[in-house]
Structures are given as structure tokens and as C-alpha cells.
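# Residue-level structural notes
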Amino acid sequence: MTATRRPTSDSAPRSGERARPLPYRRAVEVDTVPETSEDASGVRRRGFLSWAIAAPTLMVGTSLIGGLVDAQPAAADGVPSLPGPADLYDLGDLQDDAALPTSNLITIVVNSDGTATFAIPRAEVGQGITTSTSMIISEELDLPISKITVTLADARPELLFNQLTGGSNTTRSTYTAIRTAAALARGRLLAAAAAQWNVDVSTLTTSAGVVKSSTGLTATYGALTVLAAATTTTQLPAALKPASQFTVIGKPTKRVDALAAVTGQKQFTGDLKIPNALPTMIARPPTINGTPKSVSNLATVTAMPGVTDVAMISTGVAVRARTFGQCIDALRALDIAWNAGTEDGKSDATVLAELKAAEIPLAVPAVPLLTQTIEGSFTFNFRSNSPLETGIAIASWTPTGIEVWSPLKVPIVLQTDLAGKYGLGVDQVKVHVTTGGGSFGRHLFSDAAKEAVEASHAFGKPVKLMWSRTDDFRQGRTHPMATSRVRATYSLGNVLTYEQRHTSVSTDFTHGLGEILTAFSARLPMGNYTFAQSIWELTQSVSYNYGVTTQLLNEVDMGFNTGSMRNIYSPDARTAQELITDQIAKAAGKDPYQFRKAFLKNARGVAVLDKVAQIGNWGRTMPAGTAQGIAVHNEYKGWCAALVEIDTRPATVGRTVTDAYTGPRVTKVVFAVDVGLVINPTGLEAQMQGGIMDGIAQALTSSLHLKDGYFLEGSWDNYFYTRQWNVPDVQVIIMPSTSEQPGGAGEFGVAATQAAVACAYGRATGVMPTTFPINHQQSPSHFSVIPTVPSTPQSPTNGLTSQLS
């Protein structure tokens, strides 16, 4: 029996990968959701049409109609601001609408053994979508989660825009569709049992994969699947459970893959055993995007122990050997002449000058007549988009076809690109999506997979290609360097104008919306710039009634390898906005919390702000050199707030930790989150914990340093992410559900935390920070730079002391 539904996608939590918050507490306040079909403004929410499709087994399709808006205005002070584009139609809405035409091509299968399987056309990279999807199916199908298996679908070009993982969109876009398909499948099973027993369907119930009659008859789902299949395609109603009857959705649930993960049984790309796919690595250029010119000792290296093949490819020199250790030994022995890269000679200072020169002018003059002008200019340095698992892919090229295995977020784009490059039909290219060990936007780009196919083509043999950690830091994707200039005018208790001019190194959007049409458009001259403008408009908003507001973006310099790192523009843009909000409150003689509460546009924003202020004991007396900071963020139909406490006293800043850079320390975080309907509080909490760690790192310690066309950092030892010894006391509060639909959550913890840390630092030191991370200038003195030639350090000998950590 097969039930058709739509897919899912979220950005992954950082939790459990770079730092696992140990001292945390949970405060879950999950209520049932409203059962009305209208929101507070009277706008109808999403609805679905369903039909049973003719097939040997039951196949159920759904089509989305209607729309979801966030309209809960607060009784705010200030000059009302008009809604921005993202307030009316955001990035998630665009993804939802793009996926609609193919929503009926995705199926849930109920098997003859009573289990259900579902191939989700998204990437599981640690964010837990296989768990949340299993929960949704379980709820409406009345089948235990233990009997549901969610796998990852291969590239399916017929899905068009419906196989993109990103934008915190998975659960938001697919929740009702999955429920509807599962509910219709359950209805068909009930009808099959009623026909078999000649009873009225209203006398039957389902529980744990079994249909039961009032007279004691029972039948397993497996026994009914053939009877439940449709012989003709027919539109049918699907009765969804009211929220009051939920027994799975909204209940804390452990990850379905947790046991496999902690016992080493979970399969990642590197664990796959593909015949004759030997370890392969690449010797890379000393500067960003350099290319190989020649190799003077190719024959000598090819003759080294274990080495089977060596060849130049577009990004470097590929080495295939029996072990990865032999690959490292060989690539370190290569004598390569390199062509110049795209950013040779560039440094932090030269890129910053380039950004400053490209800033769009502010429109409102800083004229202190009857108003006060509050302004600031902020710099956000490059950050690494390297997840725990480095770039990896398995590929096999033959003249008649290509097969690839890799953790991919846009597999359709890769499939189409490979078909075009190697002169094959799309059906001759098989792309398998594997589970990834983190992503945070990194796997929107198929860099490792493309290199693996290129190497396999050069060798005529299958390869298992892996990037070294140093590869990822120096040639991988980064969060682009940016500036954000803000000016606000304040008079007689009101903010009259708010302007923000964000200028960034170009963010690469050439992955499009997950298919080749938008990907190709983004690769055209000015195409990526246009795409960036659209993403900016669909994600950015001002949370407060600040009168006339404008937020504009300009991007320059496409020579860096950038990407949509977790939450794209929002952490930096929001940090600038919240710092200026603190300054406006100070100019008005107001408490930062009370000022925000008075000017917030939305009641949901007020609720999360009030919650963290209450739980975090805002305004409590603290020692000199310590302070609280508070910030609010809204995006993806959700609201969140963070209250942090920071210690900037000399004894803390100057403390010594082995092999680490210390500096100011965040000691406490209280974080409240409202994402509408909560599917899995446990998963949501983990995502917020991970985002909190990101926010702390990006505010205080984590950045890349550009010098002479390359990044100095070459490992986690050099890159000062939040460590376990530096994790504060964290309390995540999940607010009662405010909607019958879920919003986006995967990226949601970063922006508010980063902004709150920045505000706390400013209050503790008395000086508003303007360069991020705050420790950027100090951190290079705390590590030895790994040489750029050869590009990968020596393989570790004991697994404990190595620059590859």
C-alpha cells in the first residue's frame, strides 16, 4: 500500500557535533494547538485535497491550497512600520509554493509485514527530520514509530523544486501533506476491513497498526494492504485527527537513529562499501581557487606504496591509493606548479576596504535638529562553514553511466550538471543521497561529489574521495565577510526612521532552488546578485515599530567560496539591529527590555521576550564587568528571544586553558522559542542548543583570518568554536504552540543568541562592540599556522596529537 505525500527540510542543529551543552535545563510548555481553520486575522490556513491513485497498492496524493500568515500584532508604542516583504511572503513561502506541483509524486508505503516506509526527498544531516517525519506518519497512521522507516530518496528530477534541503523548511512545508497522506492511508485500511467483515466503518478503530471491530475482530495493516489498494484514481476526503487527540505530535521523542549513532552502527558515506572504490584525496593549491599547472614528479609518486593512480583535475591533483594514509603521504610528496588563485594577495584589510567602498549610502541625514541620530558601523569577519564530517563522496564513472553517493542537499542540480558535462542522459546518472554528519548549508554545494566524478573519470576507476580538515577550512565554503551600517532617528519617545545597509562578499546561490533552471539562472551574469537580493528580501525584517524602515543589501567580490551558512544573513544583520536598539533605549533613558517590549510589532515577540526576562531574572544586580544582554529575532514564521549573562572581568578574560584561547565568557543563556506547532520538543530543544553554541562562537571567538590569499586556520585546533569547557548554563523554553502549523526551526537559535551576547558585552564593558567576533584580532597569536604546501598535514600517528583534529 502506498500513500503519496510531500517532503521535508530543515537546517541541522549544531548540537552534539562541535560542542555538546552539558549543563542545561529544559522548560517545555507545549499546549495543544487551535483547531480552527483561521488564524487571528481571519486568514484561512493551508488545506489539502486528497485522492487515491490507481496502483497495485494504495497510493494517496495531496495538493496544497491556501496560505499561512503570521498576524498577531502587539499593542506597541512607536510610529507603526509598514510590513516588509518577509513579513508578507518569506523564503519558506517561496519554497512551499515551488514544491506544490510535484507534491503528489512522493509516497508512503505500507508493507505486507505491517511496517511503513517512506523515502524522503531531503537530506538528513543531523537535524532529525527522519525522526520528526516518522512522528507525523505515526500520528495519523496509528502505527508505532518503531514500525516506520524513513530513508533518503535518490535524485528524482521529476520533483523539480521539491528536493531541496534548506531554509528551515522541511517540517513547515510538509507537515499537513504528510498527515493527510497518512490519514487517507489509514482511512483506506479501515474501509478495506469494513468491506471484508461486512460492518460499518464507523464501528472500527485503529491502534498500533491493527484494525479492530467492536465485536472483537482484528486485522493487521499488513493483511489489509492489497484490499486497500485503489483500482482507479479517485479524489477522496481525508479526516485529520484534532490536535486534542494527538499522542505523538508534540511529545518529547528520542531520535530514531540515536542508538545506531552512539554504537557506531549508523552508516555515513565513508562507511559504505562500494566495490573497488579506493580512498582518494586531492593536493590543493596554496591560495584560494588556484589551479594546477604541472606536476614534475608524477611517475615517482605513482610508484609510492599503495598508490594506484595520480592525475591532475580542475581543482588540484588527485591521488588514489589503498588507504587514506597512503593518499596523504603521496600528495605530500607531489611537486606541483600552481596557477594563481582568485584572491591572491587579499587580506582581511583589503576585503574590508572593498566592502566599505561598496556600501549603499544612507538616505536620512544625520542632522540633530529636533531628533537624535543613533548609528553604528559593524564588521563581521569570515567564518568557516565546515561541519564535523568533511567533504566526502563515492563515485563511479563509466562511458555509459555515472553513480554517486554523497550527503547532498540539491541532488537534482548535481545529477543534471553531471549529465551535461559528461554527455550523458539524466537517466544515466544515479545520485544517491547519504546521511551527512552535519551541514549548516555546506552540502548545498556538491563540491566533493563533482571532484569524485572527475577523478573517477580521469582514472577510469571508482573512488571514495575525502577532503582533509585543512581542505575544508582553506578551500571549502565560508560565511562571507560583511559590514552592516545602521542609522536610526529618535524624537519625543518615538523612533522615526531606521536604515540598514548590509554589504557582503558575494554569497554563492548557484545551487538555485534545487533544480537546474534556477541554478542556471543564478550562474548567469548578475544572476547570483539578483538571487541574493531575493533571499535578503525574503528573510530580513525589523522586529520593532521604527517608523520608516529600509534594509538594503549590496554584494561584491565573487572570488571566494561562500555559501548559505546557517541562517545566511540574519545573525549579522540582527546583531547590528539589536545593538542599535540598545543604543536607542539608552538615548531614550529606557531599560533595554522594557524598550523592546514597548516597540515590538508582534504579540508572539512580546511573549518570548517576557519569558526570558522572567526566567532569566532580567535586571538583577551583577558585579562590575559582568552584565546581561537581551535580544529578539523573528523569521520563518517563528519568534525567539535570548537573555545571556557575560563575564568580561580580567580574571576571566585572562584565564589559561590548555591549547585554547579564552577571553570573555558567556555564563548563562535563557532562550525562549515559538515556532508555531512543535512536532518534537526534544529535537527542537537540541536545535536551539546547537544554534546557541553557534551564536556564542560567532559573537566572541570563531572566525577565519585571510592573509596573502589564503585563510590561516587549517583545523579545529585553530578555529575557536565554543568548547565544552566554555559552555554556559543553558535553559531552553519551548513556548506553547501558537499555531496549527509548524514554522522553521533549523537555523533559529543563532541570530538572537549572537545579538544578545554582543549586547551583553557592550553593557559589561560600557563600549558597543563593532567588530565580530570580538576576539578576532587576538586569536591568531594563539596558534601556529599550518603550512599551505603541501596542502594537507602529515597523517596522525597516535590519533591523539595531530593538526587534523
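Presented here is an overview of the structure given in this document. (Residues numbered from 1 in each chain as written. Predicted model: local features only at pLDDT ≥ 70, side-chain atom pairs only at ≥ 80, totals over all residues. Heavy atoms only, no water.)

### A few points about the overall build of the chain
Check the secondary structure of the chain and you find 20 helices and 33 strands. Here the chain, with 805 residues, has 61% of them falling under the buried criterion. Contacts in the chain between residues far apart in sequence, at least 24 positions, make up 80% of those at least 6 positions apart. Carbon together with sulfur atoms contributes 57% to the accessible area of the chain, which is approximately 27,900 Å² in total. (Helix = DSSP H or I, 4+ residues; strand = E, 2+ residues; numbered from the N terminus. Buried < 20%, exposed > 50% of the residue type's maximum accessible area, 1.4 Å probe, protein only. Contact = heavy atoms within 4.5 Å. Areas by Shrake-Rupley, 256 points an atom, 1.4 Å probe, with all protein chains shown as cover.)

### Examining the packing of aromatic side chains
Each aromatic ring pair is described using two quantities: the centre-to-centre distance and the angle formed by the ring planes. This structure, assessed with the given rule, holds 15 aromatic pairs. The residue whose ring lies beneath Arg442 is Trp467, and the NZ or CZ to ring-centre distance is 5.3 Å. Sitting over the face of the ring of Phe445, Arg477 holds its NZ or CZ atom 3.7 Å from the ring centroid. (Phe/Tyr/Trp six-rings, centres within 6.5 Å; stacked < 30°, edge-to-face > 60°. Lys NZ or Arg CZ within 6 Å of the ring centre and 35° of its normal.)

### Let's talk about the packing of helix α15 (residues 570–588) against helix α16 (residues 592–599)
Orientation of α15 relative to α16, taken along the N-to-C sense of each, is 105 degrees, at an axis distance of 9 Å. For the element pair α15 / α16, the angle class is roughly perpendicular. Along the contact surface, α15 presents Glu578, Thr581, Asp582, Ile584 and Ala585, while α16 presents Pro592, Phe595 and Arg596. In terms of residue class, the contact of α15 with α16 is built from four nonpolar, one polar and three charged. (Axes fitted to C-alpha atoms, helices over the stretch in contact; angles between N-to-C directions. Parallel < 35°, antiparallel > 145°, perpendicular 65-115°, else oblique. Nonpolar A, V, L, I, M, F, W, Y, C, P; charged D, E, K, R; others polar.)

### Things to note about the pairing of strand β5 (residues 107–110)
Along β5, the buried face is formed by Ile108 and Val110; none of Thr107 and Val109, which line the opposite face, is buried. One ladder, built from three bridges, connects β5 with strand β6 (residues 116–120); its direction is antiparallel. In the strand pairing of β6, Val109 is matched with Thr117. In sequence, β5 turns back onto β6 through a hairpin of five residues, with Gly114 there showing a positive phi of about 90 degrees. (Pairing = 2+ DSSP bridges.)

### Considering helix α8 (residues 324–333)
Of all the positions in α8, only Cys327, Ile328, Ala330 and Leu331 are classed as buried. All buried residues of α8 fall inside an arc of 170 degrees around its axis, so they share one side. Packing partners of the buried residues in α8 comprise β12 (278–283), α7 (298–302), β14 (307–313) and β15 (316–321). (Arc of directions from axis to C-beta.)

### Some remarks on the side chain of Ser134
Note on placement: Ser134 falls in helix α3 (residues 129–141). If near-sequence neighbours (up to four positions away) are discounted, Ser134 is found in contact with Ile145, Ile148, Val150 and Val256.

### A word on the sheet that holds β14
A sheet is described by the order of its strands in space; here seven strands give the open sequence β14-β15-β12-β22-β19-β20-β21, paired in mixed fashion. Both edges of this open sheet fall to β14 and β21 (429–433), since each of them pairs with a single strand only. Adjacent strand axes in the sheet meet at a mean angle of 20 degrees when their direction is disregarded. Two elements, strand β19 (residues 392–398) and strand β20 (residues 401–406), share five bridges in a ladder whose sense is antiparallel. Counted as the bridge partner of Ala395 is Val404 from β20.

### Structural notes on the pattern of salt bridges
All chains considered together, the criterion is met by 39 salt bridges. Here Asp96 ties to Arg172 by a salt bridge, and the two come within 3.8 Å at their closest N and O atoms. Pair noted here: Asp96 is in helix α2 (residues 91–99) and Arg172 is in helix α4 (residues 170–197), with a separation of 76 residues, a long-range link. Each of the two residues, Asp96 as well as Arg172, counts as buried. In this structure, the salt-bridge partner of Glu124 is Arg255, at a minimum N-O distance of 3.8 Å. Here the residue Glu124 occupies a position in the loop between β6 and α3, and Arg255 occupies one in the loop between β11 (234–236) and α6 (258–262), the gap between them amounting to 131 residues. Residue classification places Glu124 among the buried residues on the basis of a relative accessible area of 2%. Assessed through its relative accessible area of 30%, Arg255 is described here as partly exposed. (Salt bridge = Lys/Arg side-chain N within 4 Å of Asp/Glu carboxyl O.)

### Regarding the sheet that holds strand β17 (residues 372–380)
On the basis of which strands lie adjacent, the open sheet formed by five strands has the order β26-β25-β24-β17-β33 and mixed pairing. Strands at the two margins of the open sheet, each flanked by one partner only, are β26 (548–556) and β33 (771–772). The pairing of β17 with β33 spans two bridges and is parallel. Its bridge partner being in β33, Phe380 is matched across the sheet by Phe772. Along the sheet, helix α9 (residues 348–358) makes contact with β17, β24 (482–491), β25 (494–505) and β26, crossing β25 at roughly 135 degrees.

### Description of helix α20 (residues 750–765)
Helical geometry: 3.6 residues make up each α-helical turn, so side chains three or four residues apart lie on a common side. Its 16 residues place the ends of α20 23 Å apart at the C-alpha level, agreeing with the 22 Å of an ideal helix rising 1.5 Å per residue. The buried fraction of α20 amounts to 14 of the 16 residues, a majority that puts the element mostly inside the structure. (Expected span 1.5 Å × (residues − 1).)

### Things to note about a nonpolar patch on the surface
Taken together, the side chains of Val367, Leu369 and Leu370 make up a nonpolar region of the molecular surface, amounting to roughly 360 Å² of accessible area. In this fold, Leu369 is placed in the loop between α9 and β17. (Patch = residues over 30% accessible without salt bridge, like charges linked within 9 Å, V, L, I, M, F, W, Y side chains within 5 Å.)

### So, the environment of Ala260
By secondary structure assignment, the location of Ala260 is in helix α6. Those residues in contact with Ala260, other than ones at most four positions away along the chain, are Gln265 and Lys266.

### Remarks on the packing of α3 against α4
Put simply, α3 and α4 touch, their axes get as near as 7 Å, and they point 35 degrees apart. Note on packing geometry: the crossing formed by α3 with α4 is right-handed. Here α3 contributes Ile129, Ser132, Thr133, Ile136, Ile137, Glu140 and Leu141 to the contact with α4, which in turn contributes Thr170, Thr171, Tyr175, Ile178, Arg179, Ala182, Ala183, Ala185, Arg186 and Leu189. Looking at the contact of α3 with α4 residue by residue, the classes come out as 10 nonpolar, four polar and three charged. (Left-handed = near helix turned anticlockwise from the far one by under 90°.)

### Focus: the nonpolar core
If you look at the biggest cluster of nonpolar residues, it comprises 89 residues, and the most contacted ones within it are Phe382, Tyr546, Ile584, Phe671 and Val673. Per element, the largest residue contribution to this core is nine residues, and it comes from α20. Residue contacts for Phe382: discarding those within four places in its chain leaves Asp348, Val351, Thr478, His479, Pro480, Met481, Val505, Phe560, Ser703, Leu704, Leu706 and Phe711. Of all hydrophobic cores here, the second largest spans 43 residues; its members include Val150, Ala185, Val211 and Ala228. (Core = buried A, V, L, I, M, F, W, Y, C linked by side-chain atoms within 4.5 Å.)

### As for the environment of Gly92
Tracing the chain through its elements places Gly92 in helix α2. Take Gly92: its relative accessible area is 0%, and that puts it in the buried class. Taking the C-alpha atoms as reference points, Gly92 and Leu538, separated by 446 residues in sequence, lie 8.4 Å from one another. If near-sequence neighbours (up to four positions away) are discounted, Gly92 is found in contact with Asn169 and Arg172.

### Digging into the pairing of β12
The buried fraction of β12 amounts to six of the six residues, a majority that puts the element mostly inside the structure. Bridging between β12 and strand β22 (residues 463–466) involves three bridges; their strand directions are parallel. Bridging from a neighbouring strand, Leu278 pairs with Val463 of β22. Pairing between β12 and β15: four bridges, direction antiparallel. Note that in β15 the partner of Met281 across the bridge is Val319.

### Looking at the environment of Val606
With respect to the element layout, Val606 can be found in helix α17 (residues 603–615). Exposure remark for Val606: the relative accessible area of 15% places this residue in the buried category. When the C-alpha atoms of Val606 and Val632 are compared, they prove to be 9.0 Å apart, with 26 residues separating the residues in sequence.

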